[in-house]
Structures are given as structure tokens and as C-alpha cells.
Amino acid sequence: GKRGAELMSFPGHSERISACRFSPVVTEGLAGVLTASVYDGTYRLWNNLTGTEQAEFRHSSNYTCSVAFTQSGQRVLSGSFDGSAIVWNYATKKLILKLGVEMDGQEGWKVERIRDRHEDAVVCCEWHPSDEAERAITASLDGTVRVWNTKWGNCVATLKGHSGAVNGCCYSKDGNKMYTASSDGTVREWMSDAPFKCVSIIIGHYGAVHNVAIATSGKHLFSVAEDCTLRAWLKVKLEGPPAPNTPVSRAGSRPFTTGVRASASSETDMEWYQWQQVAIFASPFPLRCVGGSTGEEDEEVACGAANGAVFLLRLMLPGDT
């Protein structure tokens, strides 16, 4: 077919759509696209082969800002405008648990007791790449990221450090790192397990960073911002620790170590890394969302602009053919 042509549209929501995800698994009776609107309060499932609507439904936390599928496609995580997040079954549409909420009472009346909740809207959420990990993260306009145990619903850690709203988040391909995008103009890299510390801060954007995504190959990190740019970042392994007066890069991160020793036990044998900008795309309008391709070889990325345009880009570096 024609490259870049619209395949179909899904009319149905009465208000603006706030979240949209493809299902990892499409089977008979299950749609291929899940959409949600924080404004009309509904979820809708669509068959991406026929364009027909499979189901419309709501949950108690129906002001949905973000959705994410597990790798198996069996469960969905939803983040809401009120700061809450829920997990539900994709096939049955039934609620599995509310994150950060415990039920008091044995029989009869039961009371929900909120243990942990964001103080503002949950605008992005992501599952750990491995279903067995039973972990997920939520990013909020309250400036924090929360790590959740999705089996029991408790908050494992609250990540603080950004000085502005956290607009986007994602895991690395292997699940060992987490990346967050913030209105403070930075992207941060975090350990995905205890002690959950921030290991690097990527600078370069001249405005709020709206989202971040990792390529399926796991090689490049993409970020989009209010400064109308998409930037591609590459983590480069350095030969050793930086010199004392090494100038700070205007686009990238300071040299850092994750605590892994290269060989011996001395401090100088730590493995050192640095994020470097390898490509930039400039749009006429601010870029608000980004998603890496599912291809293992082609480093393709799609991003959406504030004027409604969608750009599909392929990262071409020196030496690529």
C-alpha cells in the first residue's frame, strides 16, 4: 500500500482521546487497539483489521490518562486523573486490584484504605518487560515516579529528583533501568531495583520533555520536547574515569558509573559511561509523544506533534546504508 497513508479511523469517543495502545496479542473476540478518554470516561476496544468497535466499558477510576499492556497482553495498567492506578484483565474487563489501596473488613461492609497514591494525574505508566517481575511504574504531574508490586498492589519505591512534572517513563529492554522525562527539561536514568537511585541525568532539550521511549533493539533512547525536537541518545562506554576538569556536555550526561567494577577492586577500574546525543529532528511544532518501533534492526520511531501531525522517522547514522 501507499507509505504513510491512513489505514482506518475509529470514530466513537465523544471527547478527546487521552490514551491509545496496541494489544500485544490479537485473538478472536479481543480487539487490537485500546483507547481511553479522560473526558468522556470510557475505554473502547477496536479491531484494527476491520475498524469495528468490540466493546465500550468503564471502571470506577474512569478518568483515564494512560494505559499499558503486559508483554503477554493479559493485563492492563491504567493511570487516572485523580492520581490512582488500577490493574484489570484485558479479556474479561474485570478489575484485578487498585494499586496502593487495601481493603479493611472481613465480611459485610468493606472499606478501602488508601496507602499510596500520586498527588496529581498519572500521565504515563509502563509494565516491566518481564511479566514474572510483577513490577510497573507510574509517572505523575506531582513530580514523582512510583514503582509498584503488581501482585500485591503496594508501592515499592517513590522516585524523587525531578524539579517539575514527570510526563513520561519507560523501562530499558532488559528491565534493569528506568527512564523518566520531565518538565524540568531533563531525562533521568534510574536503577529499576533497590536502591532505585538516579544514575544519570541527560540534558540538551530547551523546554519541557514530554515523553521518552526506548527502541526495541535496546540501543537508542528517544525523547521529545516542547522545544520542537526529537533527540536520539546513545549510552557510550568510556575507557576510564573522566579527567578532573572535563567540560560538561551541552547535550548528553556527565560521565557516570553504575557501581559495576571492570576487573579489579580499585576505584579506577569502575565501568564508566556517558549518554551522547547522536541525532536530532526538528519539527515546526512542539512534539508531545514518541514510540520506538518493534523492529529489532531498523531504528524507527514515531512521534506526534502539537498540531496533530505524526512523523515516522528512521535513525540513520554515519556508515548506515
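The structure we're discussing is the one just above.
The structure displayed is predicted, hence computed values, not measured ones. (Residues numbered from 1 in each chain as written. Predicted model: local features only at pLDDT ≥ 70, side-chain atom pairs only at ≥ 80, totals over all residues. Heavy atoms only, no water.)

Asks: I'm lost on the nonpolar core in this one. Help?
Replies: It is characteristic of soluble globular proteins that their nonpolar side chains tend to be buried jointly. Ranked by size, the top nonpolar core spans 16 residues in total, and within it C170, Y179, V187, I202, V212, L221 and W275 carry the most contacts. Elements that contribute at least two residues to this core include exactly β16 (177–182), β17 (187–191), β18 (198–202), β19 (209–214), β20 (220–225) and β23 (270–282). (Core = buried A, V, L, I, M, F, W, Y, C linked by side-chain atoms within 4.5 Å. Buried < 20%, exposed > 50% of the residue type's maximum accessible area, 1.4 Å probe, protein only. Helix = DSSP H or I, 4+ residues; strand = E, 2+ residues; numbered from the N terminus.)

Asks: Help me understand the sheet that holds strand β24 (residues 287–292), please; the structure alone is not making it clear to me.
Replies: Picture the strands of a sheet paired through backbone hydrogen bonds; they go either parallel or antiparallel. Overall, antiparallel pairing links the three strands, which are arranged β24-β25-β26 in an open sheet. Two strands in the sheet have a free side with no partner beyond their single neighbour: β24 and β26 (310–314). Geometrically, the sheet is characterised by an average inter-axis angle of 20° between neighbouring strands, direction not taken into account. Here strand β25 (residues 300–305) pairs with β26 via five bridges, running antiparallel. By the bridge assignment, C303 is partnered in β26 with F311. (Pairing = 2+ DSSP bridges. Axes fitted to C-alpha atoms, helices over the stretch in contact; angles between N-to-C directions.)

Asks: Explain the sheet that holds strand β8 (residues 95–98) to me, please; I cannot follow it from the model alone.
Replies: Taken together, four strands build an open sheet; the order of strands is β5-β6-β7-β8 and the sheet is antiparallel. Sheet topology places β5 (64–69) and β8 at the edges, where each strand pairs with a single neighbour. For this sheet the average axis-to-axis angle between neighbouring strands, irrespective of direction, equals 20°.

Asks: Would you take a moment to explain the pattern of salt bridges for this structure?
Replies: This structure, assessed with the given rule, holds eight salt bridges. A salt bridge links R231 to D227; the shortest N-O distance between them is 3.6 Å. We classify R231 as buried; its relative accessible area is 6%. Residue class for D227 comes out buried when judged on its relative accessible area of 17%. (Salt bridge = Lys/Arg side-chain N within 4 Å of Asp/Glu carboxyl O.)

Asks: Which parts of the structure should I look at to understand a nonpolar patch on the surface?
Replies: A cluster of nonpolar residues, I201, I203 and V248, forms a patch on the protein surface that exposes about 200 Å² of accessible area. Structurally, V248 is set in the loop between β21 (229–237) and β22 (256–261). Residue V248 is classed as partly exposed on the basis of its relative accessible area of 43%. (Patch = residues over 30% accessible without salt bridge, like charges linked within 9 Å, V, L, I, M, F, W, Y side chains within 5 Å. Areas by Shrake-Rupley, 256 points an atom, 1.4 Å probe, with all protein chains shown as cover.)

Asks: Would you mind showing me how to read the side chain of S66 here?
Replies: With respect to the secondary-structure elements, S66 resides in strand β5. The class for S66 is buried, based on a relative accessible area of 5%. Residues contacting S66, with those up to four places away along its chain left out, are A19, L77, S78, G79, V122, V123, C124 and C125. (Contact = heavy atoms within 4.5 Å.)

Asks: Hey, could you run me through the packing of aromatic side chains in this one?
Replies: Two aromatic rings, taken as a pair, are described by how far apart their centres are and by the angle between their planes. Inspection of every chain in the model, using the stated rule, returns five aromatic pairs. With a centroid separation of 5.9 Å and an interplanar angle of 90°, the aromatic rings of Y179 and W275 are classed as edge-to-face. Linking Y179 in strand β16 with W275 in strand β23, this pair joins segments that are 96 residues apart in sequence. It is K235 that lies over the ring of Y273; its NZ or CZ is 5.7 Å from the centre. (Phe/Tyr/Trp six-rings, centres within 6.5 Å; stacked < 30°, edge-to-face > 60°. Lys NZ or Arg CZ within 6 Å of the ring centre and 35° of its normal.)

Asks: Help me out: how do you make sense of the layout of surface pockets in this one?
Replies: In this approach a probe as big as a water molecule rolls over the atoms, and the regions it shows empty are the leftover space. Quantified by volume, the second largest pocket comes out at close to 300 Å³. What lines the second largest pocket is a set of 15 residues, among which D174, K177, Y179, G218 and K235 lie closest to the centre. A per-class count over the lining of the second largest pocket returns five nonpolar, four polar and six charged. (1 Å grid on protein atoms, 1.4 Å probe; cavity = no way out; pocket = protein on both sides within 12 Å on 5 of 7 lines; lining within 4 Å. Points joined across faces, edges and corners; volume = space filled by probe spheres on them. Nonpolar A, V, L, I, M, F, W, Y, C, P; charged D, E, K, R; others polar.)

Asks: Is there a simple way to explain the environment of I201 in this structure?
Replies: In this structure, I201 sits in strand β18. For I201, a relative accessible area of 34% corresponds to the partly exposed category. Taking C-alpha positions, I201 is 6.4 Å from E189, a pair spaced 12 residues apart along the chain. When near neighbours in sequence (up to four residues on either side) are disregarded, I201 contacts T186, V187, R188, G252, S253 and R254.

Asks: When you look at unusual backbone geometry in this model, what are you seeing that I'm missing?
Replies: For residues other than glycine, phi is negative in most cases, and the peptide bonds are mostly trans. In this structure, the amide linkage connecting A194 to the following residue, P195, adopts the cis form with an omega of 10°. Despite not being glycine, E134 has its phi angle at roughly 50°, a positive value. Of note, E134 is situated in the loop between β11 (122–127) and β12 (135–140). Residue E134 is classed as partly exposed on the basis of its relative accessible area, which comes to 21%. One non-glycine residue, C228, lies in positive phi territory at about 70°. Mapped onto the elements, C228 comes out in the loop between β20 and β21.

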